[in-house]
Amino acid sequence: MIGGLIRRRAVAGGLLSGAALLALPNRALRAANSGQASGQATAGSWAVYYADAAPLSAFQPYRLLVLDSRTHPPLQPLADRGKTLLGYLSVGEVETHRPWFDRVKSWGILDQENPNWPGSFYVDVRDRRWVKLVVEELVPAILREGFHGVFLDTLDNPPHLERTDAKRWRGMTDAAAALVRAIRRNWPDIGLMQNRAYEILPQTAPLLSHALGESVYAGWDFAAKRPHRQSTEDYRFQVDALKAAGALNPQLGLHTLDYWDPADGAGVRAIYDLQRANGFSPYVATVELDRIIPEPPR
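Bear in mind the structure is a predicted one, so any value in this text is a computation, not a measurement.

Q: How do you make sense of the overall build of the protein chain when you look at a structure like this?
A: Scanning the protein chain from N- to C-terminus turns up 10 helices and 13 strands. When each of the 298 residues of the protein chain is scored for burial, the buried share is 55%.

Set out below in structure tokens:
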């Protein structure tokens, strides 16, 4: 869904040439947490939207927006209204519809298909070619588009693969954290939001501007095709992990994304209240993330 990476010393030293840096518009290099909110948006309000049909007015309540890096509304009008814009980037999987899929496939570093998301394949993030592609091409392409930073998805996959086959995937978890470090070292001023990947969050929290807990209270049952409450144990684990990250980086924005039926206004409001009581900035949506779901009025 929205939702893992490396080890290459050269990345830390700066893979990007001066020419590549100069090619990016200055407005795209603004840090994500430095943008000022519009008068209508509250300080912690945010939304995620992977389509391009919503009118400009739909985004009025939000300060921070996570958008698909290819299919998205016009960015400049949103930036002009003080919105901070993060472009989607899957770093632990490669989807068949992405322009770089064939190139990565030819390297022989793709593994099994994600059973929940057909057409998206796990990638060996330890491979230096993948790191180079992410840092030198994919991140700057998002910034050139007009985004202020990058939303890093599918970072859960490297730890998952290492847990399932420790010998074959040894080093994947460390590589995930190293990739986040490589992006930050090469792009010190952009916004970075990490989705889940709690195993590496103690290492990456100081590097991020935002951390996201997806499906903290309510997730999506892919078999039953409906939202469901997480177990008490899983909910508590995620809440504690996010709070621990916030303790490591007091400037870190802590966000949650939960899935629920928008027709159940009382249920949606209860999730917003719960997550705000936890100290998080919540958003509740449908799993497709292809429409803006406003917070129900009281």
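Additional details are given in the paragraphs that follow.
Q: Help me out: how do you make sense of the environment of Lys225 in this one?
A: Locating Lys225 in the fold gives a position in the loop between strand 10 (218-221) and strand 11 (226-229). Along the backbone, Lys225 and Val287 are 62 residues apart, and their C-alpha atoms lie at a distance of 9.6 Å.

Q: Before we go on, may I ask you to explain the sheet that holds strand 4 (residues 93-95) in this structure?
A: Sheet strands line up and pair through hydrogen bonds in the backbone, either parallel or antiparallel. Judged by pairing direction, the sheet is antiparallel, and its 3 strands sit side by side in the order 4-6-5 without closing on themselves. A single partner strand is all that each edge strand has here, and the edge strands are strand 4 and strand 5 (110-113). Adjacent strand axes in the sheet meet at a mean angle of 35 degrees, parallel and antiparallel pairs treated alike. In this structure, strand 5 lies alongside strand 6 (residues 120-123), joined through 2 bridges in antiparallel fashion.

Q: Please clarify how helix 7 (residues 172-186) should be interpreted in this entry.
A: Side chains three or four residues apart in an α-helix point the same way, a direct result of the helix having 3.6 residues per turn. Taking 1.5 Å per residue, 15 residues should reach 21 Å; helix 7 reaches 21 Å between its end C-alpha atoms and fits that length. The element helix 7 is largely enclosed, with a buried count of 12 among its 15 residues. Looking only at helix 7, the buried set comprises Met172, Thr173, Ala175, Ala176, Ala177, Ala178, Leu179, Val180, Ala182, Ile183, Arg184 and Asn186.

Q: Any chance you could explain the packing of helix 6 (residues 157-164) against helix 7 here in plain terms?
A: For any two helices packed against each other, one specifies the inter-axial angle together with the distance between the axes. Close contact between helix 6 and helix 7 brings their axes to 7 Å; oriented N to C, the two are set at 170 degrees. In terms of orientation, helix 6 lies roughly antiparallel with respect to helix 7. Relative to helix 7, helix 6 is oriented so that their crossing is right-handed. Taking contact as the criterion, the partners of Pro158, Pro159, Leu161 and Glu162 in helix 6 are, on helix 7, Met172, Thr173 and Ala176. Residue composition of the contact of helix 6 with helix 7, grouped by class: 5 nonpolar, 1 polar and 1 charged.

Q: I keep staring at the packing of aromatic side chains and nothing clicks. Help me out?
A: Within a pair of aromatic rings, the relevant descriptors are the distance that separates the centres and the angle that separates the planes. Scanning the model with the defined rule gives 9 aromatic pairs in all. Ring geometry for Tyr62 against Tyr283: centres 6.1 Å apart, planes inclined by 85 degrees, an arrangement best described as edge-to-face. In this pair, Tyr62 sits in the loop between strand 1 (46-49) and strand 2 (64-67) while Tyr283 sits in strand 13 (residues 281-285), placing the two residues 221 residues apart along the sequence. Residue Tyr62 is classed as buried on the basis of its relative accessible area of 6%. Aromatic side chains Tyr198 and Phe237 sit 5.6 Å apart centroid to centroid with 90 degrees between the ring planes, which places their arrangement in the edge-to-face category. One end of the pair, Tyr198, is in the loop between strand 8 (191-195) and helix 8 (201-204); the other, Phe237, is in helix 9 (residues 232-248), and 39 residues separate them in sequence. Aromatic rings pair up to connect Trp46, Tyr62 and Tyr283 into one cluster.

Q: Is there a simple way to think about unusual backbone geometry in this case?
A: Backbone geometry follows two general trends: most residues other than glycine have a negative phi, and most peptide bonds adopt the trans configuration. Located in the positive-phi region is Ser215, a residue other than glycine, with phi close to 60 degrees. Examined against the element boundaries, Ser215 turns out to sit in the loop between strand 9 (210-214) and strand 10. A residue is classified by how much of its surface remains accessible, and Ser215, at 11% relative accessible area, is buried. Unusually for a residue other than glycine, Lys225 sits at a positive phi of about 60 degrees.

Q: Please clarify how the sheet that holds strand 3 (residues 84-90) should be interpreted in this entry.
A: Here we have 8 strands laid out as an open sheet, ordered 1-2-3-7-8-9-12-13, and parallel in their pairing. Every interior strand has two partners, whereas the edge strands, strand 1 and strand 13, have only one. Going across the sheet, the axis of each strand differs from the next one's by a mean of 25 degrees, ignoring polarity. Taken together, the 4 bridges between strand 2 and strand 3 define a ladder with parallel strand orientation. In the strand pairing of strand 3, Leu67 is matched with Gly87. Packing against the sheet, helix 5 (residues 128-145) makes contact with strand 3 and strand 7 (149-153), and its axis sits at approximately 150 degrees to strand 3. Across the sheet, helix 7 touches strand 7 and strand 8, and the angle it forms with strand 8 is around 170 degrees.

About the thresholds
Residues numbered from 1 in each chain as written. Predicted model: local features only at pLDDT ≥ 70, side-chain atom pairs only at ≥ 80, totals over all residues. Heavy atoms only, no water. Helix = DSSP H or I, 4+ residues; strand = E, 2+ residues; numbered from the N terminus. Buried < 20%, exposed > 50% of the residue type's maximum accessible area, 1.4 Å probe, protein only. Pairing = 2+ DSSP bridges. Axes fitted to C-alpha atoms, helices over the stretch in contact; angles between N-to-C directions. Expected span 1.5 Å × (residues − 1). Parallel < 35°, antiparallel > 145°, perpendicular 65-115°, else oblique. Left-handed = near helix turned anticlockwise from the far one by under 90°. Contact = heavy atoms within 4.5 Å. Nonpolar A, V, L, I, M, F, W, Y, C, P; charged D, E, K, R; others polar. Phe/Tyr/Trp six-rings, centres within 6.5 Å; stacked < 30°, edge-to-face > 60°.

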